[in-house]
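Remarks on the overall topology
So you can see what is in the structure, the chains are spelled out below.
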Amino acid sequence: MKTDKEFYRLFSANPDMLFELTGMEVKSKYTMTSLTLKETELRVDGFLESDQKNEPVYFVEFQAYQDDTIYHRVIKGMAIYGERNPRQIVRGMILFTKESLDPKTEPWYYLSKSKSPDFKVYYFDRMLRTPEKKDKNHPLVLVCKPYMVEDQEVLKSESKAWYRVLESEDMDKKLKDVYCTVFIRWMQERFKTLSYEEIFDMLESLTPIEETRSYKELIEKGKKEGKKEGKKEGKKEGEIEGEIAMLKKLYDEKVLKRKEYETRLKPLEKKLDGLKLGDE
């Protein structure tokens, strides 16, 4: 399952939640961005930076698959950043979705077990137990259900109730949009044979499908792909070819069902054929 991007979505929208889960105490507000260290092209999943000077920065990696080099990459990123910013306190953390993915590379794993806050390792499935014990309907617990619950039948039967609680949660609208988007994304990953609309129908959402953030993102993604294809052609019919490419992208992403895809495709193909005949 694709997860790095979704974990980044969750915690960049609410970095305080990450500190709460890990038990780390910070003295200021943090924002999370993605970071690529130039020259080395080393990409960091999450870079946490304070709104106050002289506070530590944090390198964060979300790890959901086996990678024996993960410790080396995180430490390397911290070292490069520290070398370029010698007065800055640099700390790091790796969040494995489960302990079995942790290669426990020495000496870094040993360092993570010390009392020092400079480098820490966490297991996401364990971290979720704390908020779940306090509140089984904790938003972060609910949004992670499609990822954490292994039994698909349970997921099918319970997802509607979980999603309904998320939708009705009293929280910042932008944060709620992120939680609902991630929930749907992970549902799509778990039920890859279902279209976006079928997933949405399963959840019986209170929000019209066209108004959801996840739907808008998929539409925008399709439009961008379509524009690329249209420009690539370099013909006057490029705009229509771009629309066709967009439809194909949305169909491939299972946003559009086959019937809707074919219904919208036919008039475009007919129009394109007419333009091509006119050029001959």
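About the criteria used
Residues numbered from 1 in each chain as written. Predicted model: local features only at pLDDT ≥ 70, side-chain atom pairs only at ≥ 80, totals over all residues. Heavy atoms only, no water. Helix = DSSP H or I, 4+ residues; strand = E, 2+ residues; numbered from the N terminus. Salt bridge = Lys/Arg side-chain N within 4 Å of Asp/Glu carboxyl O. Buried < 20%, exposed > 50% of the residue type's maximum accessible area, 1.4 Å probe, protein only. Expected span 1.5 Å × (residues − 1). Contact = heavy atoms within 4.5 Å. 1 Å grid on protein atoms, 1.4 Å probe; cavity = no way out; pocket = protein on both sides within 12 Å on 5 of 7 lines; lining within 4 Å. Points joined across faces, edges and corners; volume = space filled by probe spheres on them. Nonpolar A, V, L, I, M, F, W, Y, C, P; charged D, E, K, R; others polar. Phe/Tyr/Trp six-rings, centres within 6.5 Å; stacked < 30°, edge-to-face > 60°.

Brief notes about unusual backbone geometry
Of the consecutive residues Glu106 and Pro107, the connecting peptide bond is found in the cis state with omega at 5 degrees. Relative to the helices and strands, Pro107 resides in the loop between strand E4 (90-96) and helix H4 (108-112). Its identity as a non-glycine residue notwithstanding, Glu41 has a phi of 60 degrees, on the positive side. Of note, Glu41 is situated in the loop between strand E1 (30-37) and strand E2 (42-50).

Structural notes on the pattern of salt bridges
Close approach of charged atoms allows side chains of opposite charge to pair. Taken as a whole and judged by the stated rule, the model has 10 salt bridges. One salt bridge in this structure joins Arg9 and Glu6, with 3.1 Å as the shortest N-O distance. Here Arg9 pairs with Glu6, and both are found in helix H1 (residues 4-13), just 3 residues apart, close to one helical turn. Neither residue differs from the other here; Arg9 and Glu6 are each classed as buried. Notably, a salt bridge pairs Glu189 with Lys192, separated by 3.7 Å at the nearest N-O pair. Owing to a relative accessible area of 18%, Glu189 belongs among the buried residues under this scheme. Lys192 gets classed as exposed once you look at its relative accessible area, which sits at 55%. Among the charged side chains, a salt-bridge network with shared partners connects Glu99, Lys104 and Arg126.

Considering helix H13 (residues 238-252)
With 15 residues, H13 extends 21 Å from end C-alpha to end C-alpha; this agrees with the ideal 21 Å at 1.5 Å per step. Every buried residue belonging to H13 is among Gly238, Ile240, Glu241, Gly242, Ile244, Ala245, Met246, Leu247 and Leu250, and all of these are buried.

Regarding the environment of Met171
Among the structural elements, Met171 can be located in the loop between helix H9 (152-168) and helix H10 (173-190). As for Met171 and Pro139, which are separated by 32 residues in sequence, their C-alpha atoms are 9.5 Å apart. Setting aside residues up to four positions removed in sequence, Met171 forms contacts with Pro139, Lys176 and Tyr179.

Here's the deal with empty space enclosed by the protein
Under the counting rule described, the total for this entry stands at 1 cavity of 30 Å³ or more. Looking at the largest cavity, its volume works out to about 60 Å³. Considering the residues around the largest cavity, the lining is formed by Leu42, Arg43, Val44, Phe59, Glu61, Arg73, Val74 and Gly77. Tallied by class, residues from the lining of the largest cavity come to 4 nonpolar, 1 polar and 3 charged.

Here's the deal with the packing of aromatic side chains
Tallied over the full model, the rule gives 17 aromatic pairs. Look at Phe47 and Tyr81: their rings are 5.2 Å apart centre to centre, the planes differ by 55 degrees, and that puts the pair in the tilted class. On the criterion of sequence distance, the pair formed by Phe47 in strand E2 and Tyr81 in helix H3 (residues 70-84) is long-range, its members being 34 residues apart. With a relative accessible area of 5%, Phe47 lands in the buried category. For Tyr81, a relative accessible area of 13% puts it in the buried group. Taken together, the ring pairs connect Phe7, Phe11, Phe62, Phe124, Tyr147 and Trp186 into an aromatic cluster.

Remember that the coordinates give geometry; whether it matters functionally is a separate question.
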